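# Breakdown of the fold
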Amino acid sequence: MSKLKTLHAFLASIALLGVSLSASPSLATPFTIAPVATTGQAVGPDGQTIIYFGDDASGSKIDVNDLGQVAYTASTTPVGEVPPTGVFRGMAGQAPDIIAYQGDNLGPADGVLFVVGSQVSINNAGETAFTASISTGGTFKDGLFLGDGNAAPAVTAFDGQPAGPVGDSFNSFCRQVSLIMERQLLLDFLKAMLREFSLTAVLGRRLMLLCRAIRLGFLANSSSYPFGWI
Amino acid sequence: MNDSEQIVFNAITEISNGPLDSGIFTVDANGGPVEAVAVEGQNSFVTQEGGQATLESVLNSAPAINNNDQITFFAEAIFNEDPIETLLFYDDGLSEVLRAGDLAGDTGGMFTEFFNLATLNDNGDMAFLASTTADAMGNDGGLFLTDLSGVSHTIAFEGDQLLDSLGVWQTIDSFNGLLALSIAGVAFGVDYVGGGSGIFFADFGDLPPSEVPVPAALPLMLLGLGALRFVSRRKTTSQQKGSA
C-alpha cells in the first residue's frame, strides 16, 4: 500500500511538472532544432550530392530570413579537383531549392556560371543574392547575381559595368573592391550590400551607394578618424 | 547594413601618423559622415557591475547592426588591468553584454573565448559561437543566444546529437563558423563526429529568448522530489514505529 502511495506521489509530481511544462510558456522548450541540409544530401539538378558547404577559399557565409529560409553555398559531386558549386535555399523539413548551379546558362549575352558561391544573402521574399564568376566566350567576369529558384539567375552587376555616380566602371569588380578594402571590411561591405534588397534595380542602387560609401571612407582621411588600411 | 542603409564596419585607423588603432564605424550609405562607434583606447563602457572598462581592441571583429540602429561586436577590453574578451552592445552608448568568465548558458562552464562573428536581430537578440571550459566529456564549444540582459542560453553544444536531413542522428564535433540570425531563429553549421557536416535551424518559436528561464523548472522538480522523499520518510518512520 505504501509503495502505491509512493508511486502516486511520484506520478503526481510528474503530472505537476508536466502540467507546468505545457501551461507555462516559460517552461516550454526554447529551441527546436531542425535540419536544413547535410553532406550526402541530393541537391543538384541531376541528383548531385553535397560534399561540403561553402567553397573553402572564400570563407563563405550563410544567411537566414525572417521566415526561416536559409541560403547557403555548397560544393557537390562529382568529387574532383574543383567540384561543381551551387547556391541553394533550404528550410527545415523541406527539399532544397536550387538558386544557381555551376553551368547554368544565363543567355548568350551573359554567359555561363563558372564558379558559383562565396557570399550569399536572402531577403524575406526568398530572393537570394550571391557572388560568382561567369564565362562568356572564353573570358571570365566576376559579378553579383540574383536568383529566386524559379528562373535562371539574373546578372545584377559585373566587371565593366558603369558604377553609377562614382563616374567609373567596375574593372574586375570584386578584385577592384578588394584592392581598396581590407578583407574583413570587404566581407562586411559585401554582406551589407547584399542584404535586404528585393529588386535588381534596388541592388543596382545599393551598388552605387556602396561606391559612395567607399568614397566616404577615403574622404574620412581628413577627419579625426582617418582610415589607414582601407 | 540595415533597412535604412546604415552600414557598420570594422577598420584600422591611423591618427596623425601615430599608432594604428582598430575601430567600429558606421556610415550612412545615402550620405553623411563616417561616425565612430568605438575606437580602441578611446572608448570606455558600462560594465555589468555598473563600473567602467576601456576598449582595448576590436581587431578582426565582425560587427552587426539591426534596423533599430543597434550594434553589437566582440572586443577585447581592460577590466582591472586585465584584457578580457567581451561582447558589447551599442545603443546611444556602449555597454557590456557578457564577457569571458561568465556562465556559458546551461553548460555549467564558463566562456573562455569568442568567435568574432556577431549577429543581432531586430529584437535585440544576439547569437554567437564561443569556447567554454570543457565539460566532463571534453566538449568545449557551443552556440549561444543572449540579449542585453547578458543571460546566455545554450542553443547547441559539442557532443549534442542532431537529426540530419537524411534522418541520421549525428553528433556535433565542432561548429564550423557558419552562422546567421533573424527574428525567426538561428541558422548554423556544424561538423559531425566521424566526418560530414550539416546546416541546422534553431527555431525561436513564439518565445523571446530572454523569457526562457530554464532554471524555473528546477524548483518544481525539487518540489516533486521533495514530495517523494517526504512520503518515503513517512513510510520509513511509520514502519519503524510499527516494529518498535
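Rules behind the numbers
- Residues numbered from 1 in each chain as written.
- Chains lettered and ligands numbered in written order.
- Predicted model: local features only at pLDDT ≥ 70, side-chain atom pairs only at ≥ 80, totals over all residues.
- Heavy atoms only, no water.
- Helix = DSSP H or I, 4+ residues; strand = E, 2+ residues; numbered from the N terminus.
- Polar contact = N/O pair within 3.5 Å; in protein donor to acceptor, adjacent residues only side chain to side chain.
- Contact = heavy atoms within 4.5 Å.
- Core = buried A, V, L, I, M, F, W, Y, C linked by side-chain atoms within 4.5 Å.
- Buried < 20%, exposed > 50% of the residue type's maximum accessible area, 1.4 Å probe, protein only.
- pLDDT = per-residue confidence, 0-100.
- Salt bridge = Lys/Arg side-chain N within 4 Å of Asp/Glu carboxyl O.

This next bit is on the side chain of Thr76 of chain A. Residues and elements named next belong to chain A. Looking at the element boundaries, Thr76 is found in strand 4 (residues 70-76). Among the polar contacts made by the side chain of Thr76, one reaches the side chain of Tyr101 at a distance of 2.6 Å. Ignoring any residue separated from it by four or fewer positions in sequence, one finds Thr76 in contact with Val43, Gln48, Thr49, Ile50, Ile51, Pro83, Pro84, Phe88 and Tyr101.

Take the environment of Lys141 of chain A next. Here Lys141 of chain A lies in strand 9 (residues 139-147). Residues Lys141 of chain A and Gln119 of chain A lie 22 residues apart in sequence; the distance between their C-alpha atoms is 16 Å.

Our focus in this paragraph is the nonpolar core. Formed by 21 residues in total, the largest nonpolar core has its most connected members in Leu143, Leu145, Phe175, Val186 and Phe188 of chain B. At the level of secondary structure, the elements contributing two or more residues to this core comprise strand 11 (126-132), strand 12 (141-146), strand 13 (153-157), strand 15 (169-181), strand 16 (185-192) and strand 17 (197-203) of chain B. When near neighbours in sequence (up to four residues on either side) are disregarded, Val186 of chain B contacts Ala127, Leu143, Leu145, Ile155, Leu179, Ala180, Leu181, Phe200, Phe201, Ala202 and Phe204 of chain B. Val43 and Val70 of chain A together with Ala184 and Ile199 of chain B belong to the second largest nonpolar core, which has 18 residues in total.

This prediction gives chain B a mean pLDDT of 83; 82% of its residues lie at or above 70. Taken together, the chains of this predicted complex give a pTM of 0.74 and an interface ipTM of 0.78.

This brings us to the pattern of salt bridges. Residues and elements named next belong to chain B. Considering all chains together, one arrives at 3 salt bridges over all chains under this definition. Among the ionic pairs, Arg99 bridges to Glu96, the shortest N-O distance being 2.5 Å. By relative accessible area, which is 12% here, Arg99 ends up buried. In this structure Glu96 comes out as buried when scored by relative accessible area, which is 5%. Shared partners join several salt bridges into a network, and the residues in it are Glu49, Glu96 and Arg99.

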